[in-house]
Amino acid sequence: MSLQSDIEGLWQRYDDGLTAAEADSDALATLERFLAALEAGEVRAAEPAGDDWTVNEWVKRGILLNFGLRETKPREHGGVTYHDVLPLRETEDLGERGTRNTPTGTVIRRGAYVGSDAIMMSPSFVNVGAHVGDGTLVDSSDTVGSCAQIGDNVKLGANTLIGGVLEPVEDSPVIVEDGVSLGAGCRVTSGFKVGENSIVGENTLLTPRIPVYDLVEEEVIYGELPPERRAFTRFVESSVSEHDLFDGGAYKPAVVATHVEEETLEAAEKEDILRDN
């Protein structure tokens, strides 16, 4: 039987009432194989499908099973006792693949994939089910949430939050495609997709609730930033602007997207050279 069929069968048992106390050695072995496959990049919560992405619901169910069929217990790491259902990920393979993670605070949970030649600066956190691509920088104070899909050669600026989307299982996780640069303090949440080779200014909030004014195609879109855009936050007049409570009007955040300028690309390339050296 395949790993997918094993997880789907175990999910059915869990849905029928199987508890952590009742989970047998075969069930736990299936969960271990599943986590190992996530960490090896063999399975993903979502994956590219042409110009779009496909959500693998069975993978998200497998992650949920690791919470539902395991007991919380004390664990040790670096002389500190903590309590969780999952231990932290072993990281010996990262160095073998050219990936760097600085000490004192780079935390990778079990079931997370980190690619080759990546950099993780402390403190930073990568949650279960997340997929961080080759050559990607996870900078200080960054969080990569559960099931988030981060492409190759992505730059996550310091203090960036990539939100997690584990439930509902059919919902898309946050997706940051290849070659994207997110400035310091960005927030990407609720299944938003950032198109490849886009550059996003500092402190920009990307979420499906905030409109993206795409000046390239001259349209307003929600839930995604098209590829090869330069994006930044601006404020537009709110529908409640004329209410008596708002002296001088009310404004709401919006994202403005233009085409990536050559000068911006050159600056990003210079940053690549500095980082590689």
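Reading guide: rules and limits
Residues numbered from 1 in each chain as written. Predicted model: local features only at pLDDT ≥ 70, side-chain atom pairs only at ≥ 80, totals over all residues. Heavy atoms only, no water. Helix = DSSP H or I, 4+ residues; strand = E, 2+ residues; numbered from the N terminus. Rg over C-alpha atoms; globule rule 2.2 N^0.38 Å. Buried < 20%, exposed > 50% of the residue type's maximum accessible area, 1.4 Å probe, protein only. Areas by Shrake-Rupley, 256 points an atom, 1.4 Å probe, with all protein chains shown as cover. Lys, Arg positive; Asp, Glu negative; His and termini not counted. Charge placed at Lys NZ, Arg CZ, Asp CG, Glu CD. Core = buried A, V, L, I, M, F, W, Y, C linked by side-chain atoms within 4.5 Å. Contact = heavy atoms within 4.5 Å. Pairing = 2+ DSSP bridges. Patch = residues over 30% accessible without salt bridge, like charges linked within 9 Å, V, L, I, M, F, W, Y side chains within 5 Å. Salt bridge = Lys/Arg side-chain N within 4 Å of Asp/Glu carboxyl O.

## Observations regarding the overall build of the protein chain
(1) Moving on: Scanning the protein chain from terminus to terminus reveals 5 helices and 26 strands.
(2) Moving on: Radius of gyration (C-alpha) of the protein chain: 20 Å, near the 19 Å computed for a compact globule of 277 residues.
(3) Moving on: If you line up the protein chain on its principal axes, its C-alpha atoms span 65 × 50 × 40 Å.
(4) Moving on: Here the protein chain holds 277 residues, and the buried ones make up 47% of them.
(5) Moving on: Total accessible area computed for the protein chain in this model is approximately 13,900 Å², and 48% of it derives from carbon and sulfur atoms.
(6) Moving on: A distance of 4 Å separates the average location of the 23 positive side-chain charges in the protein chain from that of its 51 negative side-chain charges.

## So, the nonpolar core
(1) Moving on: The biggest cluster of nonpolar side chains holds 33 residues, and the ones touching the most others in it are Val144, Ile162 and Val194.
(2) Moving on: In contact with Val144, other than residues within four places in its own chain, are Phe125, Val126, Asn127, Ala130, Val132, Val138, Ile150, Leu156 and Ile162.
(3) Moving on: Residues Ala37, Leu38, Ile63 and Cys147 belong to the second largest nonpolar core, which totals 25 residues.

## A short note on the sheet that holds strand 11 (residues 137-138)
(1) Moving on: Taking strand neighbours across the sheet as the criterion, the 10 strands line up as 5-8-11-14-17-20-25-26-22-23 in an open arrangement whose pairing is mixed. Each edge of the open sheet is held by one strand with a lone partner, namely strand 5 (100-101) and strand 23 (219-221).
(2) Moving on: Relative to strand 26 (residues 251-259), strand 25 (residues 229-237) runs antiparallel, the two sharing 9 bridges. Looking at strand 26, one finds that Arg230 is bridged to Thr258.

## Quick notes on a nonpolar patch on the surface
(1) Moving on: A cluster of nonpolar residues, Val240, Leu245 and Phe246, forms a patch on the protein surface that exposes about 300 Å² of accessible area.
(2) Moving on: Its place among the elements puts Val240 in the loop between strand 25 and strand 26.

## Examining the pairing of strand 3 (residues 73-77)
(1) Moving on: In this sheet, strand 4 (residues 80-84) lies alongside strand 3 in antiparallel orientation, the contact comprising 5 bridges. Bridge pairing in strand 4 links His77 to Val80.
(2) Moving on: Connecting strand 3 to the antiparallel partner strand 4 that follows it, the hairpin turn spans 2 residues, and Gly78 within it adopts a positive phi of roughly 60°.

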